[in-house]
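# Understanding the architecture of this molecule
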Amino acid sequence: MIVRWGLAGLPEALAELGIQAPLLVASLRWDGAELPLEPRARWREVPSHRIEDAAAQAEAGDGVVVVGGGSAIDLGKAISAAAARPLVSVPTTYSGAEWTPYFGVRDPDRRARGGGGGARLAAIVYDAGLTVDLPRETTVGTAMNALAHCAEALYAHGHNDAADAEALSGAGLIARWLPEVVGRPRDRDARTELLRGACHGGAALAGSMLALAHAMAQAVGGRYGLPHGTLNGICLPPALRYNARHAPDALRRFGEAVGGDPAARVEELASLGGPTRLRDLGVPEKDLPEVAAAASRRSGNQANPQPATPAEIEELLRSVW
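These remarks concern the structure in this document. (Residues numbered from 1 in each chain as written. Predicted model: local features only at pLDDT ≥ 70, side-chain atom pairs only at ≥ 80, totals over all residues. Heavy atoms only, no water.)

When you go through the chain residue by residue, the secondary structure sums to 13 helices and 8 strands. Taken over the C-alpha trace, the chain has a radius of gyration of 19 Å; the compact-globule value for 321 residues is 20 Å, and the two agree within 12%. Once the C-alpha set of the chain is aligned to its principal axes, its extents read approximately 50 × 40 × 35 Å. When the 321 residues of the chain are sorted by exposure, 54% land in the buried category. Considering only intrachain contacts with a sequence separation of at least 6, the fraction spanning at least 24 residues in the chain is 71%. Total accessible area computed for the chain in this model is approximately 12,600 Å², and 49% of it derives from carbon and sulfur atoms. Of note, the chain has its 32 positive side-chain charges centred 3 Å away from the centre of its 37 negative side-chain charges. (Helix = DSSP H or I, 4+ residues; strand = E, 2+ residues; numbered from the N terminus. Rg over C-alpha atoms; globule rule 2.2 N^0.38 Å. Buried < 20%, exposed > 50% of the residue type's maximum accessible area, 1.4 Å probe, protein only. Contact = heavy atoms within 4.5 Å. Areas by Shrake-Rupley, 256 points an atom, 1.4 Å probe, with all protein chains shown as cover. Lys, Arg positive; Asp, Glu negative; His and termini not counted. Charge placed at Lys NZ, Arg CZ, Asp CG, Glu CD.)

The phi torsion at A84 lies on the positive side, around 55°, for a residue other than glycine. Mapping A84 onto the fold places it in the loop between helix 3 (70-83) and strand 5 (86-91).

Another aspect to go through is the packing of helix 4 (residues 136-153) against helix 8 (residues 228-243). With their axes 7 Å apart at the nearest point, helix 4 and helix 8 run at an angle of 40° to one another. Taken together, the axes of helix 4 and helix 8 are oblique relative to one another. For helix 4 against helix 8, the interelement crossing comes out left-handed. Contacts between helix 4 and helix 8 involve E137, G141, T142, M144, N145, L147, A148 and A151 on the former and, on the latter, H228, G229, T230, N232, G233, L236 and L240. (Axes fitted to C-alpha atoms, helices over the stretch in contact; angles between N-to-C directions. Parallel < 35°, antiparallel > 145°, perpendicular 65-115°, else oblique. Left-handed = near helix turned anticlockwise from the far one by under 90°.)

Here the structure, examined in full by the defined rule, presents 1 aromatic pair. We note R176 situated over the ring of W177; from NZ or CZ to the ring centre the distance is 4.2 Å. (Phe/Tyr/Trp six-rings, centres within 6.5 Å; stacked < 30°, edge-to-face > 60°. Lys NZ or Arg CZ within 6 Å of the ring centre and 35° of its normal.)

Moving on, we come to the nonpolar core. Grouped together as the largest cluster of nonpolar side chains are 71 residues, with contacts concentrated most on L147, V220, L240, F254, L278 and L317. Ignoring anything within four residues of it in the chain, the contact list for L147 reads A171, I174, L236, F254, V258, V266 and L269. (Core = buried A, V, L, I, M, F, W, Y, C linked by side-chain atoms within 4.5 Å.)

Here we come to the side chain of T93. Relative to the assigned elements, T93 resides in the loop between strand 5 and strand 6 (103-106). The class of T93 is buried, set by a relative accessible area of 8%. Only 3.5 Å separates the side chain of T93 from the backbone nitrogen of S95, close enough to count as a polar contact. (Polar contact = N/O pair within 3.5 Å; in protein donor to acceptor, adjacent residues only side chain to side chain.)

As a further point, take the environment of A311. Of note, A311 is situated in helix 13 (residues 310-319). Judged by its relative accessible area of 55%, A311 is exposed. Sequence separation of A311 and R44 is 267 residues, and the distance between their C-alpha atoms is 42 Å.

So, about the packing of helix 8 against helix 10 (residues 262-270). Look at helix 8 against helix 10: their axes get within 8 Å of each other, and the N-to-C directions meet at 170°. Overall, the two elements helix 8 and helix 10 adopt an arrangement that is roughly antiparallel. Of helix 10, the residues touching helix 8 (which contributes G233, L236, P237, L240 and R241) are P262, A263, A264, V266, E267 and A270. Its residues assigned to classes, the contact of helix 8 with helix 10 shows 8 nonpolar, 1 polar and 2 charged. (Nonpolar A, V, L, I, M, F, W, Y, C, P; charged D, E, K, R; others polar.)

The strand order 1-8-5-4-2-3 describes an open sheet built from 6 strands, whose pairing is parallel. Because the sheet does not close on itself, it has two edges, and the strands there are strand 1 (2-5) and strand 3 (41-43). For this sheet the average axis-to-axis angle between neighbouring strands, irrespective of direction, equals 20°. Each of strand 1, strand 4 (64-68), strand 5 and strand 8 (120-126) is contacted by helix 1 (residues 10-17), which is oriented at about 160° to strand 1, the strand it contacts most. Taken strand by strand, helix 3 contacts strand 2 (23-25), strand 3, strand 4, strand 5 and strand 8, and its axis lies near 170° from that of strand 4. (Pairing = 2+ DSSP bridges.)

These figures capture arrangement, not role.
Right, here's the structure in full:
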């Protein structure tokens, strides 16, 4: 994976990959941005369900460049997989989606339509300047997603020493710098450090797997079209408490990295950004048994140190409802 820091590094990365006429995926928000590339075509509909259109694959040219957060990058990954073209991601949030070939597909109303894998990841270009206008809720939510990547990489099936090192580095940076970014949202130095934490979290995710918290967040978010990062901030603390008995050493190391009790520190950080209860997001209490059953079947739960039963997941969801 080619990784560059600073938007000025984008042309160099494209040249190294031999990409001269890419498809640019970027929502209307980025129309006024001065991006150092000349795209062959542009998609502004993010998210979109038009991925399998023949026109979409034809527009991919010799590569796909995505500027945006997790939804935009997932769309770019889906196009990359369908068109068999290399993908260059320019993340504008802290989601970490740029590190894995897997993606979820959502309609414009943000409800899940499915997903897949096979994106041809080629390069990532980070620039903290693209994150300075993020709303607080998005900043904190996507940072919590990155922190969940760090936590779960430490105990998911497939965890390893290299991914553990990335996870601990990322967790420490996120816990240290997220409060600073919330307090000084336009401080590029603080946002650069937070972005570095998210980068480490993404690398940890790529080297390991997801676990129970993501399974819960995905089940809720896919059903109701809710922000994935915010849901990870809500779902990670009960998942950590559940896993304390099944992966105590991993929880101890994560706690040392974030500077306190693992679940309590995550709750503290998540509270910086907005809703911390499922009911505040409009999730109906009567749906929790169905959501729990769906979460239990997800791959993240199956990769947990001890997969949780639907009844156990329902109890965890009720604890944060």
